[in-house]
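Per-entry structural report
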Amino acid sequence: MDQNHRATLLREHYATLQSFWESVLERTGYCAILLGAGHQRFFFHDDQGPPFRPNPLMVQWLAQEKISENSWFIFSKDTDPILFFHQPDDFWHAATPAPEFLWDHLSLRVFSDLGALHTALQGCLKQCKSGEGKIAQISEDSPAASEGCVINPPAVIHALHFQRACKTEYELTKMRQASIQGARGHRAAQRAFSCGASEFEIHLAYLEAAGMNEWQLPYGNIIAQNHHASLLHYQYQDRQTGEHLNSLLIDAGANVDGYASDITRTYIGPTCYSQAAADLFAELLERMQTHQDALIYQLVPGANYVDLQAAMHQSLARILVDTGIVKCEPEEAFNSDLTVPFCPHGLGHLLGIQVHDVGGQQLDIDGQTNPPPEPYASLRLTRPLAEDMVITVEPGLYFIPMLLEKKRAEGAPIDWRLVELLIPFGGIRIEDNVRLLPKGAGVENLTRDAFANISESATP
């Protein structure tokens, strides 16, 4: 992206944020919003902890994730936002660079001394609170510098969470870049697996191709071979390969300036334990791809994602019956929730600054929610779809012994011989990141576009 194009996108991004945040102040009666970046937290009885991740709302404003802990941001109507950036003198760690490129959009004040930062912040807050105004503070803690603020008022949080679902063109550009980095990692992982690599070796291949360290990942890579693929958030990476490589399920994304991609692919292994099982798994994999295609086709502004969740299970019922795994009519399998143990998770979720982005069950700016119905309690997205939302579409089909054994005990009409044949493969998940376009214009599939782009770039 050239500098002129980036500058244009940033201006449009900040114009959108400015307008919406001013409307939030007007509707909630606050005179300003104060964001705290947060601070590093340590493990219990330790002087180390997980990587610091700042307040997502501050990431949205500063257009980057490299934000120093203990920094603060003030937004008020009719004045430029102010960033109090903490950049301590330190010989233990490299200093986090201040976002100098944002001079046109906010007032930047850099402090090496935290006490001086708090004093300056307190003075600015007093100016904002002149008259009868109140300040909404959105942060995980309340230091002395922000005394007198209203901490995390729900009305403000609901409004700010609700607006994050629909992305600006600047945000979409970052997510496209994250998709390309993720697709590069996935291609490398696929090549490594086809050569017989272990889960750990695949993980390393992914990191190198995606150009990220582990702490930069938007979430921990799920790299699951064979039966591990039946664990939805499998977290370990075996150093050794098994006697057979039946399958690989890899769920891994990338992070560009705080914006995520979230991609899953499933592959048949090079040394399956049974040709008959491999043939059946290949058929299921092909049907699941067609299944996902049909679900993506139904994504339009105004669509109800709960209805799409049900459509996913109706289609899954047909797949299970057509392949002989379930021995009843598809309608009976769907109506009796027989498909739920084969896919116990939701069809998808909002995606953005956070992988499972906020506001997915929020119906309006006031915070009214729509909890998912039974038996789809894990569905994270229940609000109507809207233009410029980015969502994941990730249907799955798994062979999870602990869930299927309950159905066996109930005498469910399932061909247990086929289930036993498929358990060593774990399961299938295919996940794309999709942006909703205006009604009638279809969708922008960020994931498939990214795979196409890297394929084209590799062509001489």
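Here is a short report on the structure shown in this document. Because the structure is a prediction, the values reported are computed rather than measured.

Analysis parameters
Residues numbered from 1 in each chain as written. Predicted model: local features only at pLDDT ≥ 70, side-chain atom pairs only at ≥ 80, totals over all residues. Heavy atoms only, no water. Core = buried A, V, L, I, M, F, W, Y, C linked by side-chain atoms within 4.5 Å. Buried < 20%, exposed > 50% of the residue type's maximum accessible area, 1.4 Å probe, protein only. Helix = DSSP H or I, 4+ residues; strand = E, 2+ residues; numbered from the N terminus. Contact = heavy atoms within 4.5 Å. Pairing = 2+ DSSP bridges. Expected span 1.5 Å × (residues − 1). Arc of directions from axis to C-beta. Polar contact = N/O pair within 3.5 Å; in protein donor to acceptor, adjacent residues only side chain to side chain. Axes fitted to C-alpha atoms, helices over the stretch in contact; angles between N-to-C directions. Left-handed = near helix turned anticlockwise from the far one by under 90°. Nonpolar A, V, L, I, M, F, W, Y, C, P; charged D, E, K, R; others polar. Lys, Arg positive; Asp, Glu negative; His and termini not counted. Salt bridge = Lys/Arg side-chain N within 4 Å of Asp/Glu carboxyl O. Parallel < 35°, antiparallel > 145°, perpendicular 65-115°, else oblique.

Some points on the nonpolar core
With 63 residues, the main nonpolar core has Tyr-305, Phe-342 and Leu-385 as its most contacted residues. For this core, the secondary-structure elements that each account for two or more residues are strand 7 (222–225), helix 7 (275–297), helix 8 (305–322), helix 9 (330–335), strand 12 (390–393), strand 13 (396–398), helix 11 (416–422) and strand 15 (432–436). The leading source of residues in this core is helix 8, at eleven residues. Apart from the residues lying within four places of it in its own chain, the contact partners of Leu-385 are Leu-299, Val-300, Pro-301, Gly-302, Ala-303, Tyr-305, Leu-308, Ile-391 and Leu-436. The next biggest cluster of nonpolar side chains, apart from the first, holds 44 residues, and it includes Tyr-14, Val-24, Leu-62 and Tyr-259.

Looking at the pairing of strand 8 (residues 245–252)
Across the eight residues of strand 8, eight count as buried, placing the element largely inside the fold. Summarising the sheet, strand 7 and strand 8 pair through four bridges and their orientation is antiparallel. Across the sheet, the residue bridging to Ile-222 is Asp-251, located in strand 8. By the bridge criterion, seven bridges tie strand 8 to strand 11 (residues 263–271) in an arrangement that is antiparallel. Directly across from Leu-249, in strand 11, lies its bridge partner Thr-266.

Topic: helix 3 (residues 114–128)
Given a rise of 1.5 Å per residue, 15 residues ought to cover 21 Å, and the 21 Å separating the end C-alpha atoms of helix 3 matches this to within 8%. The set of residues buried in helix 3 consists of Leu-117, Leu-121, Gln-122, Cys-124, Leu-125 and Cys-128. Angularly, the buried residues of helix 3 cover 165 degrees about the axis, an arc narrow enough to put them on a single face. The exposed set on the far side of helix 3, more than 90 degrees from its buried face, consists of Thr-119, Lys-126 and Gln-127. As for helix 3, its buried residues are in contact with strand 1 (32–36), strand 2 (72–76), strand 3 (82–86), strand 4 (107–111) and strand 5 (135–138). Looking at where helix 3 begins, the residue whose side-chain oxygen comes 3.2 Å from the main-chain nitrogen of Gly-115 is Asp-113.

A short note on the packing of helix 5 (residues 169–194) against helix 6 (residues 199–210)
Helix 6 packs onto helix 5 with a crossing angle of 145 degrees between their chain directions and a minimal axis gap of 7 Å. Here the hand of the crossing between helix 5 and helix 6 comes out right-handed. Seen from helix 5, the contacting residues are Gln-181, Gly-182, Arg-184, Gly-185, His-186, Ala-188, Ala-189, Ala-192 and Phe-193; seen from helix 6, they are Ile-202, Ala-205, Tyr-206, Ala-209 and Ala-210. By residue class, the composition of the contact of helix 5 with helix 6 is nine nonpolar, four polar and one charged.

What about the side chain of Glu-394?
Here Glu-394 is to be found in the loop between strand 12 and strand 13. Within the buried set, Glu-394 has no salt-bridge partner at all; the shortest N-O distance to an opposite charge, 4.0 Å, is to Arg-429. Polar contacts involving the side chain of Glu-394 include one to the side chain of His-349, which spans 3.2 Å. One polar contact links Glu-394 to Thr-392, side chain to side chain, over a distance of 2.9 Å. In this structure, Glu-394 is in contact with His-345, Gly-346, Leu-347, Gly-348, His-349, Arg-429, Ile-430 and Glu-431, ignoring residues within four places of it in sequence.

Let's talk about the sheet that holds strand 1
A sheet is described by the order of its strands in space; here six strands give the open sequence 4-3-2-1-5-6, paired in mixed fashion. Two strands close off the open sheet at either side, each with one partner strand: strand 4 and strand 6 (150–151). Bridge count between strand 5 and strand 6: two bridges; the pairing is parallel. Bridge assignment links Ala-136 to a residue of strand 6, and that residue is Val-150.

Concerning unusual backbone geometry
Between Glu-374 and Pro-375 the backbone carries a cis peptide bond, its omega angle lying at 10 degrees. You can see Pro-375 is positioned in the loop between helix 9 and strand 12. Here Asn-70, not a glycine, exhibits a phi torsion of approximately 70 degrees, which is positive. Within the secondary structure, Asn-70 is located in the loop between helix 2 (56–62) and strand 2. Here the phi dihedral of Asp-337 falls at roughly 60 degrees; this positive angle occurs in a residue that is not glycine. Here Asp-337 shows up in the loop between helix 9 and strand 12. Judged by relative accessible area, Asp-337 falls into the partly exposed class, the value being 31%.

Some points on the packing of helix 1 (residues 3–28) against helix 5
As a packed pair, helix 1 and helix 5 sit with axes 7 Å apart at the nearest point and diverge in direction by 125 degrees. Taken together, helix 1 and helix 5 sit at an angle that is classed as oblique. Where helix 1 approaches helix 5, its residues Arg-6, Leu-9, Leu-10 and His-13 are matched on the opposing element by Glu-169, Tyr-170, Glu-171 and Thr-173. Residues that form the contact of helix 1 with helix 5 fall into these classes: three nonpolar, two polar and three charged.

Details of the sheet that holds strand 7
Taken in spatial order, the three strands of this open sheet run 7-8-11, and their pairing is antiparallel. Because the sheet does not close on itself, it has two edges, and the strands there are strand 7 and strand 11. The average angle at which neighbouring strand axes cross in this sheet is 15 degrees, direction not considered. Sitting on the sheet, helix 6 touches strand 7 and strand 8, and the angle it makes with strand 7 is about 145 degrees. Running over the sheet, helix 7 touches strand 8 and strand 11 and is turned about 160 degrees from strand 11.

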